[in-house]
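The chain contents come next:
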Amino acid sequence: MDDLYSLRYPIGDFEYGQSFTFADSRQHIQTIQGFPKKFTELIGKWGDDRLDTPYRPEGWTIRQLAHHVVDSHTNAYVRTKLALTEQNPRITPYEEAEWAKLADYQLDVAPSLVILSNLHLRWVTVLESLSETELQRTYFHPGMQRSFQLTDMVGLYAWHCEHHFQHAYRLAERNGWV
């Protein structure tokens, strides 16, 4: 059985401080674009028994994970637009663990998967339109006390897509669901 670290970080932790090229960013955008279909094909027809299974001990259920991805990517989409329309705007962090305790995280995943698909359509449309210079625009994250370029954010969210897809996929593998 996998150790707790590999269950929590199935593709490793994201490494902040990397330098991404324009070509890297284009690849990351493709990963973000493909995520909703890939994720929906994996979990979209799962029943409550599977959706309510935690992907690791003391971890979120797949249901919570699906709702979290939408909340997280919605925040990233808004941060993208803020960075493009303001000078190094200060973003508002959110407490994802607290959001996961709210009532909407008990809903069926179907509405979140629809939102995810449409959100990514809009987000990727914006991202694909950006020049290399525009991808260097920044926002300030007060929790981390630093500014991030959009290239950093796009790299992080490409990682985030695969990170959470692998949570669900590896759970399915361990249980013989795929």
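The structure displayed is predicted, hence computed values, not measured ones.

A. Seen up close, empty space enclosed by the protein. Tallying each qualifying case throughout the model produces two cavities of 30 Å³ or more. Taken as a whole, the largest cavity spans an internal volume of roughly 40 Å³. Here the second largest cavity defines a volume of roughly 30 Å³. Lining the second largest cavity we find Ser 6, Leu 7, Pro 10, Tyr 55, Gln 166, His 167, Arg 170 and Arg 174. Contributing elements (two or more residues each) for the lining of the second largest cavity: helix H1 (4-8) and helix H7 (150-175). The element that contributes the greatest number of residues to the lining of the second largest cavity is H7, accounting for four residues.

B. Geometry of the packing of aromatic side chains. Throughout the structure, instances matching the rule amount to ten aromatic pairs. Aromatic side chains Tyr 5 and Tyr 9 sit 5.2 Å apart centroid to centroid with 40 degrees between the ring planes, which places their arrangement in the tilted category. Exposure remark for Tyr 5: the relative accessible area of 46% places this residue in the partly exposed category. Centre to centre, the rings of Trp 123 and Tyr 157 are 5.8 Å apart; their planes meet at 75 degrees, and the pair counts as edge-to-face. Of this pair, Trp 123 sits in helix H6 (residues 110-128) while Tyr 157 sits in helix H7; the two residues are 34 residues apart in sequence, bridging distant segments of the chain. Assigned by exposure class, Trp 123 and Tyr 157 land together as buried. What links up through ring pairs into an aromatic cluster is the set Phe 14, Tyr 16, Tyr 139, Phe 148 and Trp 159. In this structure, Lys 38 is placed above the aromatic ring of Phe 165, and the distance from its NZ or CZ to the ring centre is 4.4 Å.

C. How the structure looks around the pairing of strand S1 (residues 138-141). Where S1 and strand S2 (residues 146-149) come together, four bridges link them in antiparallel fashion. Within the sheet, the bridge partner assigned to Thr 138 lies in S2 and is Gln 149. Where S1 folds back on S2, the antiparallel hairpin that results is connected by four residues, among which Gln 145 adopts a positive phi of roughly 55 degrees.

Conventions used here
Numbers given to residues run from 1 along each chain, matching the order in which its sequence is written. Owing to the predicted nature of the model, reporting of local features is limited to residues with pLDDT of at least 70; listing and counting of side-chain atom pairs is limited to 80 or more, with chain, interface and lining totals taken over all residues. Each side-chain value is worked out from all heavy atoms of the structure, with water and hydrogens disregarded. Put simply, the grid is 1 Å and covers the protein atoms alone, a cavity is a trapped set of points that fit a 1.4 Å probe, a pocket is an open set with protein on both sides within 12 Å along at least five of seven lines, and lining residues have an atom within 4 Å of a point. Grid points are joined across faces, edges and corners, and a volume is the space filled by probe spheres set on the points. Put simply, DSSP H or I for four residues or longer makes a helix, DSSP E for two residues or longer makes a strand, and each gets a number counted from the N terminus. Here the aromatic set is Phe, Tyr and Trp, taking the six-membered ring for Trp, and pairing holds for ring centres within 6.5 Å; pairs whose planes are under 30 degrees apart are stacked, those over 60 apart are edge-to-face, and all others are tilted. Here the term buried applies to any residue with accessible area under 20% of the maximum for its type, exposed to any over 50%, and partly exposed to those in between, with areas from a 1.4 Å probe on protein chains only. The criterion is that NZ of a Lys, or CZ of an Arg, lies within 6 Å of the ring centre and within 35 degrees of the ring normal, and then a charge sits over that ring. For two strands to be treated as a pair, DSSP must find no fewer than two bridges joining them.

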